[in-house]
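# Examining the three-dimensional arrangement
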Amino acid sequence: MNNPPSRANRRQTGFTLVELLVVIAIIGMLMALLIPAVGAARARARQITCTNQLKQLATGIINYESSKQKYPGYVQSLKRSDGASFLRIRVQTLSNSLFESTSNRAESLVSWAAMILPEIEGNDIYDAMFDATTTGPRAQILPLEVFRCPDDTEMSALSDTAGLTYVANTGTWDWYGTNNQPLPSSSNFGAAEYNAIAGDTKSNGIFHNRTFDNVSLNMSDVSSGDGASNTLLLSENIHKEIEEPESSNLRLYTWAGVFPGTPGEQQLGMVWIDPEQYDSGNLNANPFVEVSGVPIQYAFSQEGDAVGYPIASPVFARPASSHPGGAFNAAFADGSTRTFQPDLDYTVYQRLLTVKGRKATEPVGGTDSIYKNLAPLSADDF
């Protein structure tokens, strides 16, 4: 008969408490190292997606210009298939907006993004916009991922939002109304107000209001000026009017365009203004803050003090993102892309927007801009 093994000869199985605690500590340290790395990798992936989308949109604009021999406006009228009506963007909410017809051209404020749809594989949507008989589901303005940066949290929080992260270079801010004041959001913006604007000139930017005016550019204008590689085409801006809780003007735009009576530049564009020309008594008209009596532009990507992103104000019509550190992506007129830091010098930003900086003109009274005296950009400036 075999004797049972003694306790000393028995093989021990399992972990001791000390060994288990050591393993847990090691796993904890590995997780502490891994989680930030995973988060950073995901943030980087979102930023790359944003850059790729900007590249796709820039290519679409370049192809549009090549086909039409002109850039789209930041808004323009679009005649529908019946030859008599124009496309109107009925913005009820960002998730419940429609294509419809109007006989009033001034109410047709179709965005630059909508106009390039055929160039970015959106022919079916463009056809629905153009077709005057479009009704039902085809008339609904639905979200398009190419227009939404994945780091645009305000958009991603509303999965059915037909919003637009990206903005076009609309040059200097188009002042309108009386005494160089922005038009109040309750007023109707139409041809009479727009015709008084001196801001839309070829030298000041690429995209202009072509519903009320005939100012338009082509690639030759850009190439013969400061050059396509020195002129911004698009950027991202997460600080656009989504809703103003204390106002009746809710959600006044989609990627397809803006509600009639809305100028559209704040929602669809990025602008520059001269600090000598802003109205220091009107915060809504003022993208600058005073530091020791000197006007300093709000840092790019900084939200600032104004609430609701006023629809008739240049204060937030400039690049902004939720990427790490506030860095924002932009595309140039030659189709290249670049990431900028939020401390970009404002005079560099202005010169990147102007097509011909030495001929830039102030919209307020059409006076010469102080920026006309600045040296042309060099590769070392940005």
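## Some details on the overall build of the chain
A tally of regular secondary structure across the chain gives eight helices and 13 strands. Residue burial in the chain is summarised as follows: out of 382 residues, 50% are buried. Of the roughly 17400 Å² of accessible surface on the chain, 52% is carried by carbon and sulfur atoms.

## Section: the packing of aromatic side chains
In total, this model carries eleven aromatic pairs according to the counting rule given. Both rings, one in F332 and one in F340, keep their centres 6.2 Å apart while their planes meet at 45°; by these two values the pair is tilted. A relative accessible area of 3% places F332 in the buried class.

## Describing the environment of Y126
With respect to the helices and strands, Y126 occurs in helix α3 (residues 123-130). Exposure remark for Y126: the relative accessible area of 18% places this residue in the buried category. In sequence terms Y126 and I116 are ten residues apart; their C-alpha atoms lie 8.7 Å from each other. If near-sequence neighbours (up to four positions away) are discounted, Y126 is found in contact with L78, A114, M115, L117 and P118.

## Some remarks on helix α8 (residues 346-353)
With seven of its eight residues buried, α8 lies for the most part within the structure. For α8, the set of buried residues is Y346, V348, Y349, Q350, R351, L352 and L353.

## Some words on a nonpolar patch on the surface
On the surface, a cluster of nonpolar side chains totalling about 1000 Å² of accessible area is made up of F15, L17, L20, L21, V23, I24, I27, M31, L34 and I35. Of note, I24 is situated in helix α1 (residues 17-68).

## Focus: the environment of I238
The residue I238 is located in the loop between β6 (232-236) and β7 (253-254) in this model. Taking the C-alpha atoms as reference points, I238 and D152, 86 residues apart in sequence, are found 6.0 Å from one another. Not counting residues up to four positions away in its chain, the partners in contact with I238 are D152, E154, A320, S321 and S322.

## Some remarks on the pairing of strand β9 (residues 269-272)
Side chains G269 and V271 project from β9 onto one buried face, and the interleaved M270 and W272 project onto a second face that is buried too. Across three bridges, the pairing between strand β5 (residues 166-172) and β9 is parallel. Counted as the bridge partner of A168 is G269 from β9.

## Observations concerning the confidence of the model for the chain
In the predicted model, the chain carries a mean pLDDT of 81, and the fraction of residues at 70 or more is 75%. The model gives residues 243-249 a pLDDT under 50, and that stretch makes twelve contacts with residues more than four places away or in other chains. Here residues 280-284 is modelled with pLDDT under 50, and outside its nearest four sequence neighbours on either side it reaches nine contacts, counting other chains as well.

## With respect to α3
Along α3, the residues that are buried comprise Y126, A128 and M129. The arc enclosing the buried residues of α3, seen along the axis, measures out at 155°, which places them on a common side. Next to the buried residues of α3 lie β2 (86-90), β3 (98-102), β4 (110-111) and α2 (112-115).

## With respect to the sheet that holds β9
Ordered in space as β9-β5-β6-β12-β13, the five strands form an open sheet in which the pairing is mixed. In this open sheet, the two strands that pair with only one neighbour each are β9 and β13 (337-340). Across the sheet, the mean angle from the axis of one strand to that of its neighbour is 35°, orientation sign disregarded. For β5 and β6, the ladder comprises three bridges, and the chain directions are antiparallel. Residue pairing in the sheet places Y166 in a bridge with E236 of β6.

So, how was this worked out
Residues numbered from 1 in each chain as written. Predicted model: local features only at pLDDT ≥ 70, side-chain atom pairs only at ≥ 80, totals over all residues. Heavy atoms only, no water. Helix = DSSP H or I, 4+ residues; strand = E, 2+ residues; numbered from the N terminus. Buried < 20%, exposed > 50% of the residue type's maximum accessible area, 1.4 Å probe, protein only. Areas by Shrake-Rupley, 256 points an atom, 1.4 Å probe, with all protein chains shown as cover. Phe/Tyr/Trp six-rings, centres within 6.5 Å; stacked < 30°, edge-to-face > 60°. Contact = heavy atoms within 4.5 Å. Patch = residues over 30% accessible without salt bridge, like charges linked within 9 Å, V, L, I, M, F, W, Y side chains within 5 Å. Salt bridge = Lys/Arg side-chain N within 4 Å of Asp/Glu carboxyl O. Pairing = 2+ DSSP bridges. pLDDT = per-residue confidence, 0-100. Arc of directions from axis to C-beta. Axes fitted to C-alpha atoms, helices over the stretch in contact; angles between N-to-C directions.

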